[in-house]
Each structure stands twice: as C-alpha cells, then as structure tokens.
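Here are the chains, one letter per residue:
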Amino acid sequence: MPFPWRWLTDDALADCIAGDLEEQRRRRAERSRVLATLWFWRRTAAIAFYFGRTQLRSLLTRLFQQMFTRRGGIGSDLSYSVRSLRRAPAYTATVIGVIALAMALSTTVFAVVDGVLFKPLPYPDADRLVALESGFNNLPAPTVAAPSWIKPRTTAGASALDIAGWQAAAPEASITAIRTSRQSGMGEGVNETPYGMGIVQRNFFETIGVQPMVGGFAASDFDYADTVRPVLPVVISYELWRSRFRGVSEVIGQTVITDPTSGSGFRVVGVMPRGFVFPSGNATVSVIAPYRPSSVALRDPTSRSFSEVFARLPQGMTDVAFRERVEAGMAAVAATLPVKPRPPGWSDRGWRMQGPVDHAEVLPLANALGSAERPLFRAIFLSALVLLALGGLNVSGLMTARGLDRARELGLRRALGATGFRLARLIFLEALVPICVGAAIGLSLTVPLLRLGVGLLPEDLVMLKAHVEPAIDVRVVMFVVLSAIALAVPTTIWPIRRALGINVAPIADGSRASTRSRSIGRAVVIVSQVAGALVLTMGGALLVTSIMAVYANTPPIRTEDIVVLRESMQQPAAATNGAVDRTIRTRALLDTLRRLPGVDGVAVTEGQVLDGGGGVPWWRPPSAFRTSRLEVVAQAVTQDFYRVLEPQLLMGRFPTDAEMEDGARVIVVSESVARTYWPNVSPLGQSLTYQSQNQSEPFAVVGVVKDVRWNYWDTAVASVYGPYARVSRSANVTVFIRTRKSVDQITAQAINAITAFDPLIRTTRTGTLDEWFADTVRPRRFKAWLFGSFAVAALVIVGAGILGLIAMSTARRTREMGIRLALGSTREALVGLLLREQLMHVAAGIVAGSLVSAWAVRFVKSYLYEITPYDPRVWAAAIAVIVATTAIGTLIPSLRASQTDPVEALRVE
Amino acid sequence: MSRDPLPLGEFEQLILLAVLQCGDDAYGVTVQEELARHTTRRVASGAIYMTLDRLEKKGLLVSSLSEPVAERGGRAKRCYKVTKPALAALKHSRRALISLWDGLELAD
C-alpha cells in the first residue's frame, strides 16, 4: 500500500521515511504488536499531514506572488482598473451611484421581509407548533342573498370548554388559546402610543416553549373573577421594558395606573426575553395578561372568549392525526351541551354558528402567522430583486457603451499579445471594483433606511413589525455579498463578449465599419434604456398619483375630537324582547356616557363602521330597481348622530330630535342611493321599505348626505341611516363620543363607565375616528408608497444611466466636434445636431416603452386609487419626465462639446 | 577571499549538531532520538525529514544509501554526513553565540 507522503514528496525520501518507520515499528512490536501498529499509523498520518500543510502553504505563497505582486497578475490588472476608472469620474460615479441605490433598497427590503419570508419562527422546535381553526361542517347557506363580494364567515373562536375538551381528546399535545386587544395607552401623557395586550391561558409559556427571562405568572394570577377591573399582573415585552421602564432591573412589582379615577392598571410580574414575538396574527403584543374568566364566561362556559388557538404536537403526531383527535374532542364537547331551541329572529345559519363547532383546520403556525402578509412581501421582495437586476442592466449598458468606445484600445491589446482571458479579467475587475464600492455604500445606507421603513410599517403587518429589527446581521451581509457577485457576473458578460469579438484589422486600416457599429450599439443601448425607464416611470407615476389621491381623500364627516368605541352588548338572560330591550339599554348607556365630564355629545350606530365588508339587503330597493346591484350599508343611528358626526348634507334635512325620540319612520340616504334609485326625480319624500323577519314597513327619505366609506376599505359606499329604535338588529354597536378631553382619559373613563353600567357590555376596540379612517387606507397607502418608491428609485437608476450614457457618448466625439467647427459649422448647429441625433433615439425609446407600458400597467391596476392605468395625464407626465431627463442629459454635454476649441480638439486622440 | 558561511536557522543548527553527535549512524531515527535526548522540544517527524532533505539540497549534508535490510522492510537506510561548509557554518554560529553571551549573567 503506498504511503500517503509518496504523493507529497519525491520517491527517494518517501522510501527512506517508510524504511525508518518500519524499523521503529518492528522494534516496538517486540513489546506490543498492537501498540506498535497504532503508533505506526499515527506517525504516518502525522508526517503526511505535515508534508501536506507545508506544500499547501508553499502553493498559496506562490499563487499570491503570481497574482498580486508579479507583473501581469491580478494585482496589476486591479491597479490598472482603478486608474482607468479614475480617468472616467462621471462613468465611475454613475455606476457606483446606481449600484449603491439599488443595493440599499434591495438590502433594506431583504432585511425587512427576511423576518416574514425566510426566518424560522423564534420558538424552540417551531415546526411542532400548529395553529388550530375551528369551524362548522355543513353550515346552512345564508337566508338573505348576500352581496357577491361578501365571503360568509365559517370559523368561530373557542371557549374555555372547547379548549378543555380538545385537550382531553389529545392529551399528548399541549393546546392553548389566546386573545388580543389594542389598548389605548398607558394613561400617562398625551397621545400615548397604543399597545397590544395578549390574554393567555396558564399553559401558554409551556406550549410556546419560551419562558419569561425574569419573573412570571403565579398560579393564583389565573384564578380571579374579573368583575371589577383590578390591577392586572402582566408580563411585558423586552422592548417595552427598555422603552417604558428604561430597562431598570427593579421592574418587577412596578405598577402603572391607566385610569386614576378607578385605580385600574397593571403590575409588572415578568419580562419576556429579547426577540420574543407573541404568536398572534392580529396584534403586536407588548403586554401579556392572564386569562381570567369574565362573569359572562363564568355563567356560560360556551362563551367563545378566545380568537386564536395553537398547539405543540409531540414528535410523531402528524397534523392530520391531531385534527382527527380535535374533531373527536369537538364531538365529545357537543354531546355534553343541551340542545337549545332556536329563538325567534335567528336564521338557521346564524343559530348554527352559535352552537358547538365540529370542524378543525390545522396548519403550521409559521403559515398561519403572517399568512396575510406573505403574498405582499413576496411581491415586494421580487420587486427589490427586479430593481437590483435593473441596476445591473443599467451598469451593463454603461459598460457596454464604454467597451464600445474602448474597442481601439482593447484591439491594440489583443494585437500586442493579450489573451482573451486577460481582457476578460480586466473588464471583470473594472466592473467588480465599482460594484463592490457601490455595495459597501448601499450596505451603509441600509440601517437608516431600515429604521425609516420599520417606522412606516402599518400596524396590520403584525408579524413583520414584530420580527424586524433595524440592524444589519450576518444574513443581510451575506445577501449583499451574494448580490454583488451575482451583479458582477452578468453585467460583464456582454462587454466581455464584445471585447473578445474585436477584430483588429478594421481598426488598423481605419475602416468606417468600426465607427458605424459603435453608433448602432450606442443607439440600441439608449433606446432600450429609455424604453425601460418609461415603463418604470409609468408605474411610478401611476402609484404616486394614487398616493396623492389617497391622501386627498378625507371622509365627509367630522373626524376631529371623536373617540370611538366598539361595544358588544350581550343580551341578559332575562331579555324577552330583543329589540326593545336593546333600545332601552342603549339609551341608558348614552345617558351614562353623556354625564361624563368633558363630553360634548354621544351617538351610537349599529352597522358597518370601518370593520369589514359593506352592504346588507335590509332596505328593499324600489320596484324598478329590484335587480340593482347597489350594495347598501344600513346604519341604525341614535339621536345625536347627525349632531356629533356632522355628515355633509346635500339635500333636504336631518331628522329632528322629536322624530328620532319617537322613532318616526324617516331616513337619510347617501348620494349613491339617491342617484341610483331616483335618477330623474328628487329623492326627498320618496320611500324605501325596511325588511326584517317580522316587519316590512316604508320609511320616507328626508335628507341626502355624501357617501362615506363606512366599510373597511377606502371606497365610499351607499348608505341608509335609519332610527336606531326601529331598525337595530344586532348586539354590536359603535359609540362616538365628541370630547375636548384627551383621548386616553376619555377612553378609560368611558370604558369604566360602560363596565359599571352593565358588565355584560364588552369593549372590543377603541381609538379616535381619525385613527380608524387612517387604518382603512394604511395598507393601500403603504403599498402605494412602497411600490411608488421602487418606481422612483428605478427612475433615478435608469435616468442616471441614460444621463451618463449620453454624456459619455457625446464627450467621446470631441475630435469630430473640432473637425466640424474647423470646417465652418457654428456652435448652435453643433448643439442642434447632437440634440437631433439623441432625441431620435429617445423618440424610438419612448415608442417602444409606450407599447410595453400599455401591456405592463395591468399589473399595478389593483394598487391604484381613483385613477385608471391609462390615465392620459399620468402618461403625459411620465413621457415628459423621460424627455426632460434625456434632454438635460443631452444638452449639457452638447453645450460643453460646442465650446470645444477646434485646435485642441484636433490634437485629441 | 573566503565566502561568508551560509546562514543557519535554529532548527537547522540542531539537526546538523544531532547528525554530528550520531557519527556514522546518522539517519532519520537516530537524529530524532538525539534531538529528543538533548532538547525538551517536541519535534515533528515530518519537520526532521524535510530539514534533512533541505540541508542536503543546500549542500550542508551528504547522504548515502546502505544495503536494503529486512528490518526495514527491505528498504535501504539513508545516512547523512555533515559537509565542510556545514562545519564552517556551525563554527560561525557558535562563535557568534559565544560572543553575544560574553559578559551576560542571567539568573535561573
């Protein structure tokens, strides 16, 4: 068997070493053959390793010397590349700027979306965590034909009884449930930032696999009936500890009173570790409180208190097996519940959804969390990669043009013996240097951009906001490095190909063919750049116009000084007549709230208020319009509604106090209703029929107001405003409080007053009306801002490229300019010539770009607000921007070229 | 005019001195044993062989092959002898060391 060092040294020495080792082995074998053999092979490996290491060191030293210090090595090429780039400062600055901008934006986007798309969930064995959605099999169809765009709800939350039943059916898994809510603030200072609160069961930390880094809940924290708001024991997030409590070590036991009048607040009992993300897709939670059954839940264990359920599965249990166990548990729970008769007023579907669930959906928690955000951020990430590719294409175009102009130099190098590999290496290094510099600059810009971006993220991007830290980590650096390499390779392919294809002969005999091919090449580059710029500018212009329209869209009602609370008014068990009881309770509630100090008016509406889809068919259209597809939001409003919110009246009047008090059959309609149902006559005095299970009665129109976007989206909807006493049908209402006091103060006082008035009323959402409206457009605004920024960045990248390209190509014609001037041309004629030449290319680029844009704008249609993709003003503006950019890029070097001294120009070679 | 002796590294000096100590039976094994006996330094076997080879290429050692013997698996033994240039270099180094040590009293 050959010894390993035979491959590392000459045979003679190898043989000598083998002999010495054999001699020593035999000597040692006299004591122990086994030990001798072990020693032999150990010594053999050691010698081979030593030889190998020495050879490798020697090889690397030779390689380094050859590459960097010897003439003709990489070092000399690198040095030449740097000198060459320094001689073309405009080109170098353009390339570095383009790469820096593209790299900064794409790296920022990567750092942001990494948390949603690529990073695993920050929990131990996160792949064992699943989300559980409970629903219903064979749900009856809605009895009333719902608008086509409404997706009927099929899922339900979970009650404590449900969770216990499911856990009993799958004891090996750990199932826990949570509920989240937004709190208005911590009661100190004005405009305190709202925080998210998560309500958890006692096995939450065990299930998620993360414990507080300090402190925690005691068992007794979960055993308290929540009849009066106490000082809640809470575990806070690391970020809240650092920001609100200054990171003090004695945070445990600190108390924050959120309502000084009632003394309610919370007491810190623990702090979560840094980087912990609360596993909710509904809110960014910074305060975790223990679940304490409310009086409602204590009375009715089937009350669904939890909105999100997740579980940790043991090794070996599949999602399918878990789902089957849970559904068996659901059946077991259902069997223990008495069958209640359906009360009057409930549809089959509605009543069935009040009953026990019997269908479970199990999906990985990673998929459930952020599921709404993933498509958006996949699109954003792809856009960032496109931006990066655009930067690379731009640079490639600039390098190609530069290569075309250096054809003579590269041809001479070939003639003097330079190999294709040397030329390719030279061009590659000339590309790599500015790309690396641009990447470094882009990386340095990423942190401030990241801070800016994270601050602008809307609240509904829950997992994203929770998962993103404005810092550069190893993953981001790797992205930059890989992007730089990925950019350097394709951007140099075409220039290298051109360089290797250079034919020396035409250069030698001064053939005009080389000049012509240079012109054609330059024209192709300019036309393609202009076309690409126009496509992206078009997209950017459309999205920027959308943003402006979004910002300009203010609702035609009063939103200042209005605090909003959404209330769920559970019916008392003794309630007999739902509608009457509801009206009486609501009036009493309004009286209670009016008595709060600082309150100028209180009103209630029952209907869509910025929380979901739109119309419901409670109001029957006139017979001539029975097939109308108009979707109408039905609002049941109380007495002060018009006074508090001041909707913009277009025609007629508002109902009087007496009419509202008596429940007179009068309504106010929005302009879309008036226009659709009574196109040719005045709507005043016309009537609409209100239909429900028990009644069908006409109501007279007394006024017309502007449409308001009452649904969750940013589109105004047709609405009918009827008297609460007559047309209310739901237990969920929205309370509007007009006040001069601070939002936090009045919100806390209102919630306490409501709870004291009736513990069955639960506040589910608070805020100001301005905030609620802003939330409705925030997602669209964010998308428009984001994609608009991309488009603007793309415009800058391509615009800078065109500018640099045209400037470079014009500057290279200095000798020609000198000859023309010497032969009698005027400077004005010269400028005109250059402008005409370039503008012809620009015109061709605009035509090509327009054709592509006409096809491509369909992809941004869904992001547009109140404009069409073919809006002529936007198209004209985009074309004007391109023409202006190219005109500036052409005029400046043209004017400079026209100032050429013919004598000096003729000396230029 | 005499040529300056070739400069010697510290390990090269040790190897040459070990070869001198081994006398006529100076080969890889004995040189390694001699070094182990006189120094507390742990020396890699590969380093010894590479240094012997390098010193031979420099002309400071000459080697000769013995007859193949069964104890060595039928392989010949390569024995080394110090050359005159090596002796001159060693003497030069020794003089330099003695001169530098002169007058120095270092406590233990």
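Structure's up top.
Residues numbered from 1 in each chain as written. Chains lettered and ligands numbered in written order. Predicted model: local features only at pLDDT ≥ 70, side-chain atom pairs only at ≥ 80, totals over all residues. Heavy atoms only, no water.

In terms of regular secondary structure, chain B is built from four helices and two strands. Secondary structure elements of chain B, listed N to C terminal, follow the sequence α-α-α-β-β-α. Relative to its 108 residues, chain B shows a buried fraction of 39%. Summarising the internal contacts of chain B: among those between residues at least 6 apart in sequence, 55% fall at separations of at least 24. Split by element, the accessible area of chain B, about 7,000 Å² in all, is 55% carbon and sulfur. (Helix = DSSP H or I, 4+ residues; strand = E, 2+ residues; numbered from the N terminus. Buried < 20%, exposed > 50% of the residue type's maximum accessible area, 1.4 Å probe, protein only. Contact = heavy atoms within 4.5 Å. Areas by Shrake-Rupley, 256 points an atom, 1.4 Å probe, with all protein chains shown as cover.)

All names here are of chain A. Of all five residues in strand E10 (residues 308-312), five are buried; the element is thus mostly enclosed. Neither face of E10 is exposed, since Glu-308, Phe-310 and Arg-312 on one face and Val-309 and Ala-311 on the opposite face are all buried. Two elements, strand E1 (residues 129-135) and E10, share four bridges in a ladder whose sense is antiparallel. Counterpart to Leu-129 in the pairing with E10 is Arg-312. (Pairing = 2+ DSSP bridges.)

Here the focus is the interface of chain A and chain B. By a widespread convention, an interface's size corresponds to the accessible area lost as its parts come together. With 20 residues of chain A in contact, the opposing surface of chain B contributes 19 residues. Carbon and sulfur atoms supply 57% of the area buried between chain A and chain B, which totals about 1,700 Å² over both sides. Our count for the contact surface shared by chain A and chain B stands at four salt bridges. The salt bridge partner of Arg72(B) is Asp20(A), with a shortest N-O separation of 2.7 Å. Counting across the interface, chain A meets chain B through eight residue pairs in polar contact (both at pLDDT 80 or more). Looking at the side of chain A that touches chain B, the elements with two or more residues in it are helix H1 (11-29) and helix H2 (33-69) of chain A. (Buried area = accessible area lost by both parts, 1.4 Å probe. Salt bridge = Lys/Arg side-chain N within 4 Å of Asp/Glu carboxyl O. Polar contact = N/O pair within 3.5 Å; in protein donor to acceptor, adjacent residues only side chain to side chain.)

Residue and element names in this part refer to chain A. Looking at where Ser-898 falls in the secondary structure, it is placed in helix H28 (residues 872-898). Judged by its relative accessible area of 2%, Ser-898 is buried. Sequence spacing of Ser-898 and Leu-834 is 64 residues, and the spatial spacing of their C-alpha atoms is 9.5 Å. Each residue touching Ser-898, except ones within four places of it in the same chain, is listed here: Leu-821, Arg-827, Leu-830 and Val-831.

A few words on the pattern of salt bridges. Summed over the entire model, instances satisfying the criterion amount to 33 salt bridges over all chains. One salt bridge in this structure joins Glu22(A) and Arg26(A), with 2.8 Å as the shortest N-O distance. Residue Glu22(A) and its partner Arg26(A) are located together in helix H1, separated by four residues, close to a single helical turn. Beyond isolated ion pairs, a larger network of salt bridges with shared partners links Asp20(A), Glu23(A), Arg27(A), Glu33(B) and Arg72(B).

Moving on: helix H26 (residues 814-822) of chain A. Residues and elements named next belong to chain A. What H26 keeps buried is the set Met-817, Gly-818 and Leu-821. Viewed along the axis of H26, the buried residues span an arc of 100 degrees, placing them on a single side of the element. With its phi angle positive at about 115 degrees, Gly-824 sits one or two positions after the end of H26. (Arc of directions from axis to C-beta.)

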